[in-house]
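Analysis of the macromolecular model
The chain contents come next:
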Amino acid sequence: MILKTIVPLLLALLYMKPGAQSDASDILKRVENNMSSDNRIYESEMIIHGIRTSRTISSRSYVVGSSKSFTEYLSPAREQGTKMLKLDSQLWIYSPSTDRTIQISGHMLRQSVMGSDLSYEDMMDDRKLTDVYSATTAGEEMIEGRKTIILDLTAKVSDAAYHRRKMWIDAERFVPLKEELFARSGQLLKRTTLSDFRQIESRWYPHTMIYKDMLKQGEGTEFRVSSIRFNQEIPEYVFTKAALKQ
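The paragraphs below set out a description of the structure included in this document. If you're wondering where the values come from, they're calculated on a predicted model, not measured in any experiment.

1. Some thoughts on the packing of aromatic side chains
Taken as a whole and assessed by the stated rule, the structure comprises 3 aromatic pairs. A centroid spacing of 6.5 Å and a plane angle of 70 degrees characterise the contact between Tyr42 and Phe223, whose relative ring orientation is edge-to-face. You can see Tyr42 sitting in strand β1 (residues 39–49) and its partner Phe223 sitting in strand β13 (residues 220–230), a full 181 residues away along the chain. Both residues of the pair, Tyr42 and Phe223, count as buried. Aromatic side chains Tyr205 and Phe230 sit 5.5 Å apart centroid to centroid with 70 degrees between the ring planes, which places their arrangement in the edge-to-face category. Of the two residues, Tyr205 sits in strand β12 (residues 203–213) while Phe230 sits in strand β13, which places them 25 residues apart along the sequence. Judged by its relative accessible area of 5%, Phe230 is buried. Positioned above the aromatic ring of Phe182 is the side chain of Arg164, whose terminal nitrogen or guanidinium carbon lies 4.5 Å from the ring centre. For Arg203, the ring lying beneath its charged end belongs to Phe230, and the centroid distance is 4.1 Å.

Conventions adopted
Residues numbered from 1 in each chain as written. Predicted model: local features only at pLDDT ≥ 70, side-chain atom pairs only at ≥ 80, totals over all residues. Heavy atoms only, no water. Phe/Tyr/Trp six-rings, centres within 6.5 Å; stacked < 30°, edge-to-face > 60°. Helix = DSSP H or I, 4+ residues; strand = E, 2+ residues; numbered from the N terminus. Buried < 20%, exposed > 50% of the residue type's maximum accessible area, 1.4 Å probe, protein only. Lys NZ or Arg CZ within 6 Å of the ring centre and 35° of its normal.

Set out below in structure tokens:
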């Protein structure tokens, strides 16, 4: 009698976990349908809240998939004309003050971008989450009156910037409302909150994101998207080193 009870229970447990993983993967794919695109052009403001003062940097970016991006900083005057070019795993920065182009690589990728809570590594890694992480569901929670599904993501590739991520996904719109990023040791490294979601064609997209480096002082970095266009024709010459000095 005991054996007859235990065997079905063990079989149920064996089949439960893969099902949960499958559901989590499906949720993650729906998130990617909202957040990823073949290409996009957007203008944004990055408001860096320091310990005593804040400063705002505006930019225009061109992005193709996860392999190409080009960003030109528009203001303030101190940063105007600075440009960044990403091609696959390579990153170059042009500084008009020195008229020099330098390549950012290795440990330098972990450095802060212009004193913000974002690193070059954060801006570089635009791969689809389903390519980098395996996911499982970890419960539900209400955030700002919206029901969310909690996903636990664990890196399945060796070059992931963060070993583990925890995401709170809007159960209706399938967009992340909050995310926590962890080191392999389990230490919380960064926290992100996303808001001001607007429907653009068939997708929901956040126009305000607040990034907080948990190892730094300050109130975090606010990233505001002022305009964004998806599926645009972007000339190929934009993604060349020659374009950095134009």
